[in-house]
Amino acid sequence: MVMEEHISLTSTLTSKKNTMKIKFLKTMFLFVLTSTVLTGCVGEDDYAIPTVFDYHFSEGFSDSPIGSGSNEVPIALEGWVNYNATATRLWHARAFSNNTYAEFSSFYSATGSNDVAWLITPAIDLTTTSGEVLSFITKTRFANGYPLTAFVSTDYDGTTAGIATATWTAIPFTAPTADDVFTNSGNIDLSGVAYDSDNVRIAFKYTGSKAGVTTTLQLDNIKISKN
């Protein structure tokens, strides 16, 4: 009888200890959970919130059919002008590593030919926005000279003939200093009164020749952000 009572008492104590242990673990779990929630509920000023840009214009050429090798598919996006003033080859779309971009190189042009190849955006309305900033990226391959010039215009009429008569203002930008690295142009300010127009056009002109500059130039991510 004494032995049975001892066993019963021991069993009761063990049960109480297990119950207390479970309650302790539950308490610790709730404490950690509550601490995590409270830590997550910090004020707005506790962390810097990254800037989210609203792009007024954005083109990455992802909708352009791509070619390969000697098969060049000219870029023919709605509203864009793709024109070579001195030859027949045009800016075309290529893709590498799941990224599509515009490309031109005089290396593939006919012997004795020169290239003045223009790629011009559709008309962009900047009359209803403010703080506009233009940016794009370029990459060179097999460089033997830098062939690209960028321009902005507010009086271009959208025709190939009008390229010669429009007023084009050269845009300074950061160009690549080494091959095979996409380089950001830097932020180009378009917020001035001069560009308060519904006919802002950005133009990219490749100048090269089979016997001269034949650098492969790739262009991508043309964007105008706004406030």
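Keep in mind it's a predicted model, so treat the numbers as computed, not measured.

A. Expanded view of the overall build of the protein chain. Across its full length, the protein chain carries one helix and 12 strands. Secondary structure of the protein chain in N-to-C order comes out as α-β-β-β-β-β-β-β-β-β-β-β-β. Put simply, the protein chain has 227 residues, and 37% of those count as buried. The contacts in the protein chain between residues at least 6 apart in sequence include a share of 76% that link residues at least 24 apart. When the accessible surface of the protein chain is split by element, carbon and sulfur atoms take 57% of a total near 13,600 Å².

B. Quick look at the sheet that holds strand 11 (residues 201-209). One open sheet holds the five strands; their spatial order is 2-5-11-7-8, and the pairing between them is antiparallel. Either end of the sheet is taken by a strand with one partner, and the two such strands are strand 2 (81-84) and strand 8 (169-170). When strand 5 (residues 114-120) meets strand 11, the two strands line up antiparallel, connected through seven bridges. When the sheet's bridge partners are listed, Ile120 is paired in strand 11 with Ala203.

C. Broad picture of the pattern of salt bridges. Following the criterion strictly, the structure yields three salt bridges and no others. Across the pair Glu72 and Arg89 runs a salt bridge, and its minimum N-O distance is 2.7 Å. Of the two residues, Glu72 is situated in the loop between strand 1 (54-59) and strand 2 and Arg89 in the loop between strand 2 and strand 3 (92-96); the sequence distance between them amounts to 17 residues. Its relative accessible area of 13% is what places Arg89 among the buried residues.

D. Geometry of the packing of aromatic side chains. Summed over all chains, the structure comprises 13 aromatic pairs. With 5.0 Å between their ring centres and 85° between their planes, Phe136 and Phe204 make a pair best called edge-to-face. Taken together, the residues Phe136 in strand 6 (residues 133-141) and Phe204 in strand 11 connect sequence positions 68 residues apart. Aromatic ring contacts, followed pair by pair, group Trp118, Phe151, Tyr156 and Trp168 into a single cluster. It is Arg89 that lies over the ring of Phe104; its NZ or CZ is 4.8 Å from the centre. Above the ring of Tyr55, the side-chain terminus of Lys223 is found at 4.7 Å from the ring centroid.

E. Region of interest: unusual backbone geometry. Of note in this structure, Phe142 is not a glycine but carries a positive phi near 50°. Inspection of the secondary structure puts Phe142 in the loop between strand 6 and strand 7 (148-153). A relative accessible area of 59% means that Phe142 is categorised as exposed. Non-glycine residue Asp180 carries a positive phi angle of around 65°. Its place among the elements puts Asp180 in the loop between strand 8 and strand 9 (183-184).

F. Spatial organisation of the side chain of Glu59. Considering the arrangement of structural elements, one finds Glu59 in strand 1. Among buried Asp, Glu, Lys and Arg side chains, Glu59 stands out as unpaired, with Lys223 the closest opposite charge at 11 Å. At a separation of 2.8 Å, a polar atom in the side chain of Glu59 contacts the main-chain amide nitrogen of Phe61.

G. Region of the structure containing the nonpolar core. Of all hydrophobic cores here, the largest spans 31 residues; its most connected members are Trp91, Leu134, Phe136, Phe204, Leu219 and Ile222. Broken down by secondary-structure element, the contributors of at least two residues to this core are strand 4 (99-104), strand 5, strand 6, strand 7, strand 11 and strand 12 (216-226). Among the elements that take part in this core, strand 12 stands out by supplying four residues, more than any other. With near-sequence residues (within four places) excluded, Phe136 lies in contact with Ala150, Phe173, Thr183, Asn184, Ser185, Ile188, Phe204, Leu219, Asp220, Asn221 and Ile222. Of all hydrophobic cores here, the second largest spans nine residues; its members include Phe151, Ile163, Ala166 and Trp168.

H. A look at the pairing of strand 3. Across five bridges, the pairing between strand 3 and strand 4 is antiparallel. By the bridge assignment, His92 is partnered in strand 4 with Glu103. Between strand 3 and the antiparallel strand that follows it, strand 4, lie two residues; Ser97 among them carries a positive phi value of about 55°.

Reading guide: rules and limits
Residues numbered from 1 in each chain as written. Predicted model: local features only at pLDDT ≥ 70, side-chain atom pairs only at ≥ 80, totals over all residues. Heavy atoms only, no water. Helix = DSSP H or I, 4+ residues; strand = E, 2+ residues; numbered from the N terminus. Buried < 20%, exposed > 50% of the residue type's maximum accessible area, 1.4 Å probe, protein only. Contact = heavy atoms within 4.5 Å. Areas by Shrake-Rupley, 256 points an atom, 1.4 Å probe, with all protein chains shown as cover. Pairing = 2+ DSSP bridges. Salt bridge = Lys/Arg side-chain N within 4 Å of Asp/Glu carboxyl O. Phe/Tyr/Trp six-rings, centres within 6.5 Å; stacked < 30°, edge-to-face > 60°. Lys NZ or Arg CZ within 6 Å of the ring centre and 35° of its normal. Lys, Arg positive; Asp, Glu negative; His and termini not counted. Polar contact = N/O pair within 3.5 Å; in protein donor to acceptor, adjacent residues only side chain to side chain. Core = buried A, V, L, I, M, F, W, Y, C linked by side-chain atoms within 4.5 Å.

Geometry only, nothing functional implied.
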